[in-house]
Amino acid sequence: MPAITYYIVYDEFSISICTLLDDVLDAMAAGALLYGYTDDEEMAHDLLKECFLIVEKNN
């Protein structure tokens, strides 16, 4: 079974976890930024929380 890669992308309106590279590329083409990626689901949720805190701090 192939490993799943979790991508954390964010823009000014949302932060999300994507598992499909096409979705990540579409989001980035629309102006989103890639915060990080991992192949561990628990780490993906930790990255999501970290990204939220950083975005919240900067606003």
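All figures in this text were calculated on a predicted structure; none of them were measured in a lab.

**Some points on the pairing of strand β2 (residues 15-18)**
Judged from the four bridges that link them, strand β1 (residues 6-10) and β2 form a sheet pairing that is antiparallel. Counterpart to V9 in the pairing with β2 is S16. The hairpin formed by β1 and β2 contains four residues between the paired strands.

**Comments concerning the confidence of the model for the protein**
Considering every residue of the protein, the mean pLDDT works out to 93; 98% of them sit at 70 or more. Per-element mean pLDDT across the protein ranges from 92 in helix α2 (residues 41-58) up to 97 in β1.

**Topic: the nonpolar core**
By size, the foremost hydrophobic cluster in this structure holds six residues: Y6, I8, A44, L47, C51 and V55. Counting residues per element, the ones that place at least two in this core are β1 and α2. With four residues, α2 is the single largest residue contributor to this core.

**Looking at the packing of aromatic side chains**
Both the distance between ring centres and the angle between the ring planes are used here to describe each pair of aromatic rings. In this structure the tally under the stated criterion is two aromatic pairs. With centroids separated by 6.3 Å and ring planes inclined at 40°, the aromatic side chains of Y7 and Y37 adopt a geometry described as tilted. Taken together, the residues span a long stretch of sequence, with Y7 in strand β1 and Y37 in strand β3 (residues 33-38) at a distance of 30 residues. Between Y10 and Y35, the ring centres sit 6.4 Å apart and the planes meet at 70°, which makes this aromatic pair edge-to-face. Taken together, the positions of Y10 in strand β1 and Y35 in strand β3 put the pair 25 residues apart, joining distant regions of the chain.

What counts and what doesn't
- Residues numbered from 1 in each chain as written.
- Predicted model: local features only at pLDDT ≥ 70, side-chain atom pairs only at ≥ 80, totals over all residues.
- Heavy atoms only, no water.
- Pairing = 2+ DSSP bridges.
- Helix = DSSP H or I, 4+ residues; strand = E, 2+ residues; numbered from the N terminus.
- pLDDT = per-residue confidence, 0-100.
- Core = buried A, V, L, I, M, F, W, Y, C linked by side-chain atoms within 4.5 Å.
- Buried < 20%, exposed > 50% of the residue type's maximum accessible area, 1.4 Å probe, protein only.
- Phe/Tyr/Trp six-rings, centres within 6.5 Å; stacked < 30°, edge-to-face > 60°.

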